[in-house]
Amino acid sequence: MKDLVAKGSFTAPEGTVSIKELDMTGDGTKTGIAVMIKKPAGYDAANGDWYYDIRDTAGNVMSDPPPGKTAMCIQCHVGGKSTDYLLGTKLQ
Ligand code: HEC
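Every value quoted in this text rests on a predicted model; they were computed, and no experiment measured them. (Residues numbered from 1 in each chain as written. Predicted model: local features only at pLDDT ≥ 70, side-chain atom pairs only at ≥ 80, totals over all residues. Heavy atoms only, no water.)

## With respect to the overall build of the protein
Part 1 of the argument: The secondary structure content of the protein amounts to 2 helices and 3 strands.
Part 2 of the argument: Ordered by position from N to C terminus, the α and β elements of the protein give α-β-β-β-α.
Part 3 of the argument: A compact globule built from 92 residues would reach a C-alpha radius of gyration of about 12 Å, and the protein, at 13 Å, matches this within 12%.
Part 4 of the argument: Reported as C-alpha extents along the three principal axes, the dimensions of the protein are approximately 35 × 30 × 20 Å.
Part 5 of the argument: The burial tally for the protein puts 34% of its 92 residues in the buried class. (Helix = DSSP H or I, 4+ residues; strand = E, 2+ residues; numbered from the N terminus. Rg over C-alpha atoms; globule rule 2.2 N^0.38 Å. Buried < 20%, exposed > 50% of the residue type's maximum accessible area, 1.4 Å probe, protein only.)

Written out as structure tokens, the structure reads:
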């Protein structure tokens, strides 16, 4: 992935897993993780074939928002089409 994210534009390979720690309280407490998994071509062809979910700190998949082709996730992540729906790929 490091080689990919060094590029300005790329498509992530099938099986790529991206996670982000969530701090929903705003005080630094980790409340869960957001997960994106690149599925085989055709899973959700219109939106880059990504699966989305939110997990609690024990790793359980939450039911809200619903896991899968989650519209509320896609509506933001669609803004990163050149980096295959990944938004935080700039190397610091
Ligand atoms: C309001 C806009 C917005 C929504 C809605 C949103 N995201 Fe994101 N997401 C971002 C931004 C901006 C980043 C990159 C910056 C950062 O890490 O905060 C990001 C980063 C991520 C990352 C790390 C990989 C990357 O793209 O850099 C994952 C995984 C992720 N989001 C999952 C989700 C999931 C799952 C949902 C739906 C439950 C979701 N996001 C909804 C804006 C959003």
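## Overview of the site of the ligand
Part 1 of the argument: Taken together, 17 residues are adjacent to the ligand, and C73, C76, H77, L87 and G88 come closest.
Part 2 of the argument: Here an oxygen atom of the ligand and a side-chain polar atom of K20 are 3.1 Å apart.
Part 3 of the argument: H77 has a polar side-chain atom sitting 2.9 Å from a nitrogen atom of the ligand.
Part 4 of the argument: The set of elements that each furnish at least two residues to the shell around the ligand consists of strand 1 (17-22), strand 2 (32-38), strand 3 (50-55) and helix 2 (71-77).
Part 5 of the argument: When residues in the shell around the ligand are grouped by element, the largest group, 4 residues, is from helix 2.
Part 6 of the argument: Here the shell around the ligand is composed, by residue class, of 12 nonpolar, 3 polar and 2 charged. (Near = heavy atom within 4 Å. Polar contact = N/O pair within 3.5 Å; in protein donor to acceptor, adjacent residues only side chain to side chain. Nonpolar A, V, L, I, M, F, W, Y, C, P; charged D, E, K, R; others polar.)

## A few points about the environment of F10
Part 1 of the argument: Tracing the sequence through the fold places F10 in the loop between helix 1 (2-5) and strand 1.
Part 2 of the argument: Classification of F10 by relative accessible area gives buried; the value is 6%.
Part 3 of the argument: As a C-alpha pair, F10 and Y85 span 75 residues in sequence and 9.9 Å in three-dimensional space.

## Focus: the pattern of salt bridges
Part 1 of the argument: For the coordinates displayed, the defined rule picks out 2 salt bridges.
Part 2 of the argument: Between K38 and D84 there is a salt bridge, with its nearest N and O atoms 2.8 Å apart. Note that K38 is positioned in strand 2 and D84 in the segment after helix 2, a separation of 46 residues in sequence. For the pair K38 and D84, one class covers both residues: buried.
Part 3 of the argument: Measuring nitrogen to oxygen at the nearest pair gives 2.8 Å for the salt bridge that ties R55 to D53.
Part 4 of the argument: A relative accessible area of 22% places R55 in the partly exposed class. (Salt bridge = Lys/Arg side-chain N within 4 Å of Asp/Glu carboxyl O.)

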